[in-house]
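Structural description and commentary
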Amino acid sequence: MLTELPRAAGTGGSVVVDRCQVCGSADLESVLFLGYLPPVNQMRAIGERPHEQPAYPAELLRCRRCELVQLGLIVDPAILFPPEYPYTSGTTRILRENFAEMQREAAALLGLARKGLVVDVGSNDGTLLENFRAAGHPVCGVEPTLMANLANERGVRTIMSFFGPPAASRVAAECGRAQIVTATNVFAHVEGVHGIVESIVSMLDEGGVFISESHYLMALIETLQYDTIYHEHLRYYSLASLTYLLQAHGLEVIHAKRIPTHGGSIRVYAARKGTRSSLPSVQRMVDAEGDGGPLGERLKAFTSRVARAKLALHALLRDRLVNGARMFGVGAPSRASTLINYVGLDRELLPCVVEVKESYKVGKYMPGTVIPVVDEKALFDAQPEYALLLSWHIADELMPKLAARGFKGSFIVPLPEPRVVPAGGSA
Ligand SMILES: [Zn+2]
């Protein structure tokens with residue numbers, strides 16, 4: 001019997017994870033503690049005196065039974081996604097290309113019937129489904145935010161709703177059973193994961209396939225992405241832990257591969273056990289995960305690298321500050337909040353963070369600090385000696401772009417090893 005933790009949603013508070021969210025085991029090992037972090041989407045206007053602000057423990061746990069890595073606290077989504085938080089479309093170039101590639105791959109691997117329904121859970125503005133629609137499939141998205149309207153306007157049928165059993169029944173009633181259900185970058189965020197998988201399975205037709213994309217634990221470990229640890233991300237999957245979860249719902253993994261989105265993700269295909277044969281890619285990835293050694297050991301090494309990376313970044317910034325250099329931060333994604341708060345940067349070290357001027361974050365302070373987020377124009381006007389790249393996972397794409405637009409200074413890439421890329425240099 002799969003027993004779930006009590007829900008945090010609607011409580012105005014949080015739920016301590018004292019049992020594994022997937023297997024229910026209480027044998028959870030503390031891997032890393034990044035301190036108490038403020039919610040990343042509650043940002044105060046520049047000039048406002050700092051208010052009382054909540055902060056939540058950011059502790060990473062490993063389940064010794066199913067190897068799921070998970071946060072030790074689940075915070076009420078109403079706190080993490082306040083009403084004033086405008087949901088921004090995730091349609092960057094890398095995501096658009098990824099979704100187009102997914103459709104081509106699924107068509108090639110699965111032998112899809114042209115009229116087979118494709119459903120996307122957490123479908124945003126319909127970008128993913130657009131690819132399947134263009135290939136002749138009827139499509140249906142489920143999306144809780146106003147992005148659903150945008151999707152409908154562009155002709156991608158979308159039900160505006162949180163996903164769960166009622167939404168799944170509605171999809172089945174209005175559109176029939178699905179040949180494919182996709183869920184990209186939602187699978188790690190929502191509490192009550194068993195209910196979600198069960199609802200997804202209920203939408204699939206007999207030979208249907210569930211395709212999920214999630215940030216990949218091994219990529220997080222390899223490239224030291226501790227900054228992707230914040231309270232929206234409840235679970236960090238390896239193929240092993242994801243397989244454990246899917247098997248609990250009668251699914252079998254039939255294909256798995258690494259993809260470049262969000263600094264390193266995995267795409268996993270699953271079907272009802274026995275309905276489709278498993279490709280060699282699955283065993284290859286299982287073996288590759290095993291080759292890295294026991295997960296507990298790998299995580300221990302990861303944790304010690306995290307502490308060293310913090311000190312190394314401090315030392316690098318200190319030397320530059322002593323020499324009178326100015327450093328601006330570039331980019332204010334959620335991960336920037338974790339890095340700034342964990343490393344302990346303040347406005348003396350980092351007088352501002354620049355963002356594209358359309359961002360709702362411009363005009364606010366970075367969470368937990370009084371570092372202002374300002375229009376990126378400031379970078380080109382003030383020409384500080386250094387730009388600290390807070391979206392460092394796309395540094396190779398960012399550096400030439402900023403240089404081409406007139407930034408003459410050098411770059412500091414904070415992770416996995418802090419490094420300076422001189423002006424005019426390359427990564
Ligand atoms: Zn577990």
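Overview of the structure.

1. Digging into the packing of helix α10 (residues 295–322) against helix α11 (residues 334–343)
- At their nearest, the axes of α10 and α11 sit 10 Å apart, and the two run at 80° to each other. Judged on the interaxial angle alone, α11 and α10 are roughly perpendicular. Contact residues: Val 306, Ala 307, Lys 310, Leu 313 and His 314 in α10; Leu 339, Tyr 342 and Val 343 in α11.
- Residue composition of the contact of α10 with α11, grouped by class: six nonpolar, one polar and one charged.

2. Some remarks on the packing of aromatic side chains
- Taken as a whole and judged by the stated rule, the model has five aromatic pairs.
- Considering the side-chain rings of Phe 33 and Tyr 36, the 5.9 Å spacing of their centres and the 70° angle between planes classify their relative orientation as edge-to-face.
- Residue class for Phe 33 comes out partly exposed when judged on its relative accessible area of 42%.
- Given a relative accessible area of 56%, Tyr 36 falls into the exposed group.
- Ring geometry for Tyr 226 and Tyr 342: centres 5.1 Å apart, planes at 70°, overall edge-to-face. Taken together, the positions of Tyr 226 in the loop between α7 (217–222) and β11 (235–236) and Tyr 342 in helix α11 put the pair 116 residues apart, joining distant regions of the chain. Summarising the burial analysis for this pair, Tyr 226 and Tyr 342 share the class buried.

3. Considering the sheet that holds strand β12 (residues 251–259)
- One open sheet holds the seven strands; their spatial order is β8-β7-β6-β9-β10-β13-β12, and the pairing between them is mixed. Looking at which strands have only one partner, the edges of the open sheet turn out to be β8 (158–160) and β12. Across this sheet, the average inter-strand angle for adjacent strands is 15°, counted without regard to direction.
- Bridge count for strand β9 (residues 178–184) against strand β10 (residues 204–215) is six bridges, and the pairing is parallel. In the strand pairing of β10, Ile 180 is matched with Val 209.
- Across the face of the sheet, helix α5 (residues 165–175) comes into contact with β6 (117–121), β7 (139–143) and β8 while running at roughly 160° to β7.

4. With respect to the sheet that holds β11
- Spatially, four strands are ordered β2-β3-β4-β11 in an open sheet, and the strand pairing comes out antiparallel. Every other strand in the sheet has two partners, leaving β2 (28–37) and β11 as the edge strands with one partner each.
- Relative to strand β4 (residues 69–71), strand β3 (residues 56–63) runs antiparallel, the two sharing three bridges. Bridge pairing in β4 places Arg 62 opposite Val 69.
- Set on the sheet, α10 makes contact with β2, β3 and β4; between it and β2 the angle comes to about 25°.

How each quantity is defined
Residues numbered from 1 in each chain as written. Predicted model: local features only at pLDDT ≥ 70, side-chain atom pairs only at ≥ 80, totals over all residues. Heavy atoms only, no water. Axes fitted to C-alpha atoms, helices over the stretch in contact; angles between N-to-C directions. Helix = DSSP H or I, 4+ residues; strand = E, 2+ residues; numbered from the N terminus. Parallel < 35°, antiparallel > 145°, perpendicular 65-115°, else oblique. Contact = heavy atoms within 4.5 Å. Nonpolar A, V, L, I, M, F, W, Y, C, P; charged D, E, K, R; others polar. Phe/Tyr/Trp six-rings, centres within 6.5 Å; stacked < 30°, edge-to-face > 60°. Buried < 20%, exposed > 50% of the residue type's maximum accessible area, 1.4 Å probe, protein only. Pairing = 2+ DSSP bridges.

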